Amino acid sequence: MIARLCFCLMMAAALPALARPALDVSVERVDGADGKVYQISARGEVAASPAAVWRILTDYERMAEFVPDLRRARVISRSGDEVVVEQLGEARLLFLRREIRLVVQVREQPITQIDISLVEGDMRVYRCTWQLVPVAHTGGTRVLYSGTLAPKFYVPGMLDSNLIRGDIEKMMAAVLQRLDRTD
């Protein structure tokens, strides 16, 4: 859920593995200047052009339509390439559920990169980036997601990286599936 709220936080119900675009996800818990944080990296490729991918990823108010556990996203303000977005969602940890609210600052670098940082909310640390890389031989897009996050709430230490990896895989699979349907 944590990453799902990033736009990071995105996507529809999980589909059978064969229907999903291939993806690669890694999550590592590290000690950093902000205390214990999770370093996340995910990537996948879609047939859609970078312009089509950009349109979908920057339509913030429609993200709840395809991002698992994201209930609502609304644009609070927009000024040039900077957008402030409020996201309401849910974190699921084993059998527990927790409502999550984030207000994030989004900086758009058209058709190539979306940088997201925490303004306020239920995370101690939340920074992520979406990068869109054209794939010349297919006309598609390589979608790269990276982030650093740390929740304000407790995540069981023995399961933390696996829970977050599962969340990121679910979110990325849904995002990539949506991006492959550029309708």
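Residues numbered from 1 in each chain as written. Predicted model: local features only at pLDDT ≥ 70, side-chain atom pairs only at ≥ 80, totals over all residues. Heavy atoms only, no water.

1. Notes on the pattern of salt bridges
Now for step 1: Scanning all chains against the criterion turns up 12 salt bridges.
Now for step 2: D31 serves as the salt-bridge partner of K36, at 3.0 Å between the closest nitrogen and oxygen.
Now for step 3: R72 is the salt-bridge partner of E86, the closest N and O atoms lying 3.7 Å from each other. On the criterion of sequence distance, the pair formed by E86 in strand β4 (residues 82-93) and R72 in strand β3 (residues 70-79) is long-range, its members being 14 residues apart. (Salt bridge = Lys/Arg side-chain N within 4 Å of Asp/Glu carboxyl O. Helix = DSSP H or I, 4+ residues; strand = E, 2+ residues; numbered from the N terminus.)

2. A closer look at the packing of aromatic side chains
Now for step 1: What the rule picks out here adds up to one aromatic pair.
Now for step 2: Here W130 and Y145 contribute two aromatic rings whose centre-to-centre distance is 4.8 Å and whose plane-to-plane angle is 55°, an arrangement assigned as tilted. Here Y145 lies in strand β8 (residues 140-151) and W130 lies in strand β7 (residues 123-135), a separation of 15 residues in the sequence. In terms of burial, W130 and Y145 fall into one category: buried. (Phe/Tyr/Trp six-rings, centres within 6.5 Å; stacked < 30°, edge-to-face > 60°. Buried < 20%, exposed > 50% of the residue type's maximum accessible area, 1.4 Å probe, protein only.)

3. A few points about helix α1 (residues 50-57)
Now for step 1: For α1, the buried fraction is high: six of the eight residues fall into the buried class.
Now for step 2: Where α1 is concerned, the buried positions are P50, A52, V53, W54, I56 and L57.

4. Overview of the environment of V53
Now for step 1: Counting through the fold element by element, V53 comes out in helix α1.
Now for step 2: Using a relative accessible area of 0% as the deciding quantity, one classes V53 as buried.
Now for step 3: With 88 residues separating them in the primary sequence, V53 and T141 have C-alpha atoms 7.6 Å apart.
Now for step 4: Those residues in contact with V53, other than ones at most four positions away along the chain, are V46, A48, L132, T141, V143 and L179. (Contact = heavy atoms within 4.5 Å.)

5. Some thoughts on unusual backbone geometry
Now for step 1: A positive phi angle is found at D69, which is not glycine, with a value near 70°.
Now for step 2: Within the element layout of this structure, D69 appears in the loop between α1 and β3.
Now for step 3: The buried category is assigned to D69, whose relative accessible area is 14%.
Now for step 4: Even without being a glycine, I111 presents a positive backbone phi close to 65°.
Now for step 5: Positionally, I111 belongs in the loop between β5 (96-109) and β6 (113-121).
Now for step 6: Owing to a relative accessible area of 37%, I111 belongs among the partly exposed residues under this scheme.

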